[in-house]
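# Residue-level structure breakdown
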Amino acid sequence: AFAGARPASEVKMFIDQLIKLAQKGAPGAEQALDVPAALKHAAALLAQNDVAGAQEIYALILSQDENNAAAYTGLVRTVIAAGALDEAQHLIDTAPEAIGKDAQFAAARTALDLARNSPARGALKKLQDAVAARPDDQEARLELAKGLFA
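Residues numbered from 1 in each chain as written. Predicted model: local features only at pLDDT ≥ 70, side-chain atom pairs only at ≥ 80, totals over all residues. Heavy atoms only, no water.

### Concerning the pattern of salt bridges
Rule in force here: By definition, a salt bridge exists where a carboxyl oxygen of Asp or Glu is found within 4 Å of a side-chain nitrogen of Lys or Arg. Runs of E in the DSSP output that reach at least two residues are strands. Runs of H or I that reach at least four are helices, and both are numbered from the N terminus. Under the scheme applied here, a residue whose accessible area is under 20% of the maximum for its type counts as buried, over 50% as exposed, and between as partly exposed, the area being computed with a 1.4 Å probe on protein chains only.
A full pass over the atoms with the stated rule returns three salt bridges. A salt bridge links D86 to R116, with the nearest nitrogen and oxygen atoms 3.6 Å apart. Remark: R116 occurs in helix α8 (residues 103-117) and D86 occurs in helix α6 (residues 85-93); sequence separation between them is 30 residues. A relative accessible area of 37% places R116 in the partly exposed class. Of the charged contacts, one joins K101 and E97 as a salt bridge, the two residues approaching to 3.2 Å between their closest N and O atoms. According to the relative accessible area criterion, K101 is exposed, its value standing at 65%. Classification of E97 as exposed rests on a relative accessible area of 60%.

### A few points about the side chain of N68
With respect to the secondary-structure elements, N68 resides in the loop between α4 (51-64) and α5 (69-81). What makes N68 buried here is its relative accessible area of 11%.

### Details of the packing of aromatic side chains
What describes a pair of aromatic rings is the distance from one ring centre to the other and the angle between the planes of the rings. Formally: Two aromatic rings, drawn from Phe, Tyr or Trp (for Trp, its six-membered ring), form a pair once their centres lie within 6.5 Å of each other, and the interplanar angle then sorts them: stacked below 30 degrees, edge-to-face above 60, tilted otherwise.
Under the defined criterion, the tally for this structure stands at one aromatic pair. An angle of 55° between the planes, with centres 6.0 Å apart, marks the rings of Y72 and F105 as tilted. Taken together, the positions of Y72 in helix α5 and F105 in helix α8 put the pair 33 residues apart, joining distant regions of the chain. Residue F105 is classed as buried on the basis of its relative accessible area of 0%.

### A few points about α8
The following threshold applies: A helix's residues, less one, multiplied by 1.5 Å, set its expected span. Relevant arc is that of directions from the helix axis to the C-beta atoms, nothing else.
Under the 1.5 Å per step criterion, the end-to-end length of α8 is 21 Å for 15 residues, consistent within 8% with the ideal 21 Å. The complete set of buried residues in α8 reads F105, A108, A111, L112 and A115. Taken end-on, α8 shows its buried residues confined to a sector of 105°, consistent with a single buried face. Counted as exposed and oriented over 90 degrees from the buried face of α8: A103 and N117.

Pasting the structure below:
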């Protein structure tokens, strides 16, 4: 569950600790990284639109466990959020086989498809206005939902 927004100083301190652990490469450094906590933290950063911060954490996890499906999927989602859809497609196409079979990874594929087919950011306002004007228009509601999801 989302623990709430964290102050920028706390986020920076957490990222700095992760980077130091990765740079040390010392024996036991992998055990020192709490992967589930790091995944939650990265997801929270991505939810707050801190794409770069989330990307750093996902990359750090992958540097220690290249087959971590949650981290790889998170990395793909950060690339999608950054608008680099071709790069996201490349990550999906070159994913390790074990990750490609993961259900979370399938959701990342869907997110990329939706992002490729989503309306432009300015069009979201028009869709919101259309739904507000015609709340029973299911097609407009569906288009708005697709745009918001992407």
